Amino acid sequence: MSQVELFERERATNYNQFVEAWIPNYQYFLDRLPNLLREATSKNLLVVGCGTGNEINRFTQASEHWDITGIDPSPDMLNQAHEKLHAYQNVTLVEGLVSDLDPAQKYGAATLLLVLHFLDDQGNKLSLLKDIAERLEPGALLVMLDITGDKKQIKQNLAILRLLLPNDLDDDQVTNRLNRIENELYPVSETRLADLCLEAGFESPLRFFQSAIYMGWLTRKN
Ligand SMILES: C[S@@+](CC[C@H](N)C(=O)[O-])C[C@H]1O[C@@H](n2cnc3c(N)ncnc32)[C@H](O)[C@@H]1O
């Protein structure tokens, strides 16, 4: 089972502008990723749903050397990653799903940023987490950034997000987008996310970051 949230054409082209406006503190989160993963079991990193290469970019600039594999099913997103990253010998970009990667190849750390909330909780979240776990060394770290919370928490944090957005966004577009997040995405509660991690073969995750609806989680493969 492999659900895919399609990011194509304008949605891909406008992606970086979009995250900049809609995810307060996202650049800070990205900047700190190499530090956060300093205790990875090896410097072999898997970037799941790497999109336009925002996370990978930070690891190419890190003081330590990382070997990085980015995987994403969207060619339009990956094209932008290729443009940014083609000069780096230590970056491999793969078009596809984690299940396409050889499970014999193991990674010492992984990132899963802004992907899980697009997948339903009828098996798709769990199968992606299991596919990742299968490709990690024991003790490897996983960082996630995801819209998290029960219905009430999401509603309250969406109201906060509205206050944190740049002032020049169009009001109707903001309302539409907030409605879409509330009604069309698949966030799960903090306890459900912990259960999914445990079932997939990870430790119970630690919430170390929050920016309105977006929560940053750190866990380790058992
Ligand atoms: C919101 S973007 C996040 C991109 C990048 N992680 C970032 O933070 O800038 C979500 C990405 O997940 C990818 N995606 C969708 N379904 C996926 C799946 N089942 N497995 C892995 N990636 C997926 C999309 O193609 C898209 O590039």
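Residues numbered from 1 in each chain as written. Predicted model: local features only at pLDDT ≥ 70, side-chain atom pairs only at ≥ 80, totals over all residues. Heavy atoms only, no water.

As recorded by an unreviewed UniProt entry, the protein chain carries the name Class I SAM-dependent methyltransferase and is attributed to Spirosoma foliorum.

Peer 1: Quick one: what's the story with the overall build of the protein chain, residue by residue and with numbers?
Peer 2: Helix and strand counts for the protein chain come out as 9 helices and 7 strands. Since a compact globule built from 222 residues should have a radius of gyration of about 17 Å, the 17 Å found for the protein chain is in line with a globular shape. Along the longest, intermediate and shortest principal axes, the C-alpha atoms of the protein chain span 45 × 40 × 30 Å. Evaluated residue by residue, the protein chain yields a buried proportion of 51% over its 222 residues. Excluding contacts between residues fewer than 6 apart, the proportion of contacts in the protein chain whose partners are at least 24 apart in sequence is 74%. Accessible surface for the protein chain amounts to roughly 10600 Å². Of this, 46% is attributable to carbon and sulfur atoms. Taking the 21 positively charged and 32 negatively charged side chains of the protein chain as two groups, their mean positions are separated by 5 Å. (Helix = DSSP H or I, 4+ residues; strand = E, 2+ residues; numbered from the N terminus. Rg over C-alpha atoms; globule rule 2.2 N^0.38 Å. Buried < 20%, exposed > 50% of the residue type's maximum accessible area, 1.4 Å probe, protein only. Contact = heavy atoms within 4.5 Å. Areas by Shrake-Rupley, 256 points an atom, 1.4 Å probe, with all protein chains shown as cover. Lys, Arg positive; Asp, Glu negative; His and termini not counted. Charge placed at Lys NZ, Arg CZ, Asp CG, Glu CD.)

Peer 1: Can you lay out the site of the ligand for me, pointing to particular residues and giving the numbers?
Peer 2: Among the 21 residues in the neighbourhood of the ligand, the closest are listed as Gln-3, Tyr-26, Gly-49, Glu-55 and Asp-72. Alone, the ligand offers 590 Å² of accessible surface; in the complex the protein occludes 97% of this. Applying the majority rule of atoms within 2 Å of the grid points places the ligand in the largest pocket. Split by residue class, the shell around the ligand holds 13 nonpolar, 5 polar and 3 charged. (Near = heavy atom within 4 Å. 1 Å grid on protein atoms, 1.4 Å probe; cavity = no way out; pocket = protein on both sides within 12 Å on 5 of 7 lines; lining within 4 Å. Sits in = over half its atoms within 2 Å of the grid points. Nonpolar A, V, L, I, M, F, W, Y, C, P; charged D, E, K, R; others polar.)

Peer 1: Any chance you could break down the UniProt feature "domain: Methyltransferase type" (unreviewed entry) in the protein chain for me, citing the residues and the numbers?
Peer 2: Per the UniProt record, "domain: Methyltransferase type" (unreviewed entry) is found at residues 46-142. For residues 46-142, the end-to-end C-alpha separation is 9 Å, with 30% helix and 29% strand making up the annotated structure. (UniProt positions renumbered as here; feature names shortened; annotations may be inferred.)

Peer 1: Could you give an account of the packing of aromatic side chains, with specific residues and numbers?
Peer 2: In this structure the tally under the stated criterion is 7 aromatic pairs. Here Phe-7 and Tyr-15 contribute two aromatic rings whose centre-to-centre distance is 5.9 Å and whose plane-to-plane angle is 80°, an arrangement assigned as edge-to-face. Taking relative accessible area as the criterion, Phe-7 reaches 13% and is therefore assigned buried. On the basis of relative accessibility, which here comes to 11%, the residue Tyr-15 falls in the buried class. Geometrically, the ring pair formed by Phe-29 and Phe-208 is stacked, given 5.8 Å between the ring centres and 20° between the ring planes. Within this pair, whereas Phe-29 is found in helix H3 (residues 26-36), its partner Phe-208 is found in strand E6 (residues 206-211), the two being separated by 179 residues in sequence. Using a relative accessible area of 32% as the deciding quantity, one classes Phe-208 as partly exposed. Above the ring of Phe-7, the side-chain terminus of Arg-11 is found at 3.8 Å from the ring centroid. (Phe/Tyr/Trp six-rings, centres within 6.5 Å; stacked < 30°, edge-to-face > 60°. Lys NZ or Arg CZ within 6 Å of the ring centre and 35° of its normal.)

Peer 1: Go over the nonpolar core with me, naming the residues and quoting the values.
Peer 2: Core analysis: the biggest nonpolar cluster contains 46 residues, and Trp-22, Leu-113, Leu-114, Leu-161 and Tyr-214 have the highest contact counts within it. Once residues lying within four places of it in the same chain are set aside, the contact partners of Tyr-214 are Trp-22, Ile-23, Leu-114, Leu-145, Asp-146, Ile-147, Leu-161, Ile-181 and Phe-209. Formed by 28 residues, the second largest nonpolar core is a distinct cluster that contains Ile-71, Leu-101, Val-188 and Phe-202. (Core = buried A, V, L, I, M, F, W, Y, C linked by side-chain atoms within 4.5 Å.)

Peer 1: Report on the layout of surface pockets, specifying residues and quantitative values.
Peer 2: In this structure, the largest pocket spans a volume of roughly 700 Å³. When contributions to the lining of the largest pocket are tallied by element, the ones reaching two or more residues are helix H1 (9-13), helix H2 (15-22), helix H4 (54-60), strand E2 (67-72), helix H6 (124-134) and helix H8 (171-184). What lines the second largest pocket is Gln-17, Phe-18, Ala-21, Trp-22, Leu-169, Asp-170, Gln-173, Val-174, Asn-176 and Arg-177. Counting residues per element, the ones that place at least two in the lining of the second largest pocket are H2 and H8. (Points joined across faces, edges and corners; volume = space filled by probe spheres on them.)

Peer 1: Can you explain helix H9 (residues 190-200)? Please cite residues and give values.
Peer 2: Among the residues of H9, Leu-193, Ala-194, Leu-196, Cys-197 and Ala-200 are the ones counted as buried. One face of H9 carries all of its buried residues, which in axial projection span an arc of 160°. Looking at the buried residues of H9, the elements they touch are H6, strand E5 (136-147) and strand E7 (214-220). Note on H9: the residue one or two positions beyond its end, Gly-201, has a positive phi of about 110°. (Arc of directions from axis to C-beta.)

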